[in-house]
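One letter stands for each residue in the lines below.
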Amino acid sequence: MELERQYDVSSREAALAKTRQQRNLLIVAVCALVLLLASFLRQRFMQKKQRAAETMANSVIYAAARTHQNTLSQLKELQRKPKFRTVESLQDNISVITKDLRRGFTQHFSEALANNLASLPPHIRQSVENLSGERAKIVYILTELGYSESEIAEFTCTSIDSVRTIGNNNEKVLS
């Protein structure tokens, strides 16, 4: 009788141990699946952010190129004009080209912003609404997307010092 009781106790303990082992294995499997899913979702988020950054940078580069192409065509026209023109007329022509260049940057950067704003994270979109000027918005967005000051300067056709100044002004406005 005692032997039967010990056998029943040991068989119950073995069954409990087996159940615990199966439960622990199930918990490990579930944790592994959760970690795998979390890493997959993080990877997808990073890819989406990288695509948004690349798309935004490409749009800004394209906007700058379109503006410069227009300026180059105007400069070619200026070169073809007769050489007997006055200094004042040349200054007037250069002034018109400069105004067109500024207007072109504003217009093309506005288009780049409008085309890509929806793909940006919500916190960037909200901050952009508080900034004024297309170049300031572009600098802020590209900074938030991880581009360096030298890359932003190259993309926006400005100096690194100008990018720093715009960045500092953006920080003041947003804080």
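Below is a summary of the structure that appears in this document. (Residues numbered from 1 in each chain as written. Predicted model: local features only at pLDDT ≥ 70, side-chain atom pairs only at ≥ 80, totals over all residues. Heavy atoms only, no water.)

Some points on helix α2 (residues 87-116)
Which entries qualify depends on this criterion: Numbered from the N terminus, helices here are DSSP runs of H or I no shorter than four residues, and strands are runs of E no shorter than two. Residue count minus one, scaled by 1.5 Å, sets the expected span of a helix. Note on classification: 1.4 Å probe, protein chains only; a residue is buried when its accessible area is under 20% of the maximum for its type, exposed when over 50%, partly exposed between these limits. Contact definition: two residues touch when any of their heavy atoms are within 4.5 Å.
With 30 residues, α2 extends 43 Å between its outermost C-alpha atoms, agreeing within 8% with the 44 Å of an ideal straight helix rising 1.5 Å per residue. Among all positions in α2, only Asn93, Ile97, Asp100, Gly104, Phe105, His108, Phe109, Ala112, Leu113 and Asn116 are buried. The inward-facing, buried residues of α2 contact α1 (2-80), α4 (134-144) and α5 (149-156).

Some thoughts on the pattern of salt bridges
Definition in use: Any Lys or Arg side-chain nitrogen found within 4 Å of a carboxyl oxygen on Asp or Glu counts as a salt bridge.
As enumerated under the stated definition, the model contains three salt bridges in all. A salt bridge links Asp100 to Arg103; the nearest nitrogen and oxygen atoms lie 2.7 Å apart. Highlighted residues: Asp100 and Arg103, both in helix α2, separated by three residues, approximately one helical turn. Exposure remark for Asp100: the relative accessible area of 18% places this residue in the buried category. Classification of Arg103 by relative accessible area gives exposed; the value is 51%. Between Arg164 and Asp161 there is a salt bridge, with the nearest N and O atoms lying 3.1 Å from each other. With Arg164 and Asp161 both in helix α6 (residues 160-174) and three residues apart, this pair spans about one turn of that helix. Classification of Arg164 by relative accessible area gives partly exposed; the value is 40%. Put simply, Glu149, Asp161 and Arg164 are held in one network by salt bridges that share partners.

A word on the side chain of Ser127
Turning to its location among the elements, Ser127 is positioned in helix α3 (residues 122-129). Given a relative accessible area of 16%, Ser127 falls into the buried group. Those residues in contact with Ser127, other than ones at most four positions away along the chain, are Tyr140 and Leu174.

A short note on the packing of aromatic side chains
Heads up, the rule is: Only the six-membered ring of Trp is used, alongside the rings of Phe and Tyr, when aromatic pairs are assigned; centres must lie within 6.5 Å, and planes under 30 degrees apart are stacked while those over 60 apart are edge-to-face, with the rest tilted.
Under the defined criterion, the tally for this structure stands at one aromatic pair. Their ring planes at 75° and their centres at 5.4 Å tell us that Tyr147 and Phe155 sit as a pair that is edge-to-face. A single burial state applies to Tyr147 and to Phe155, both of which are buried.

Without other data, these values stay purely geometric and don't point to any function.
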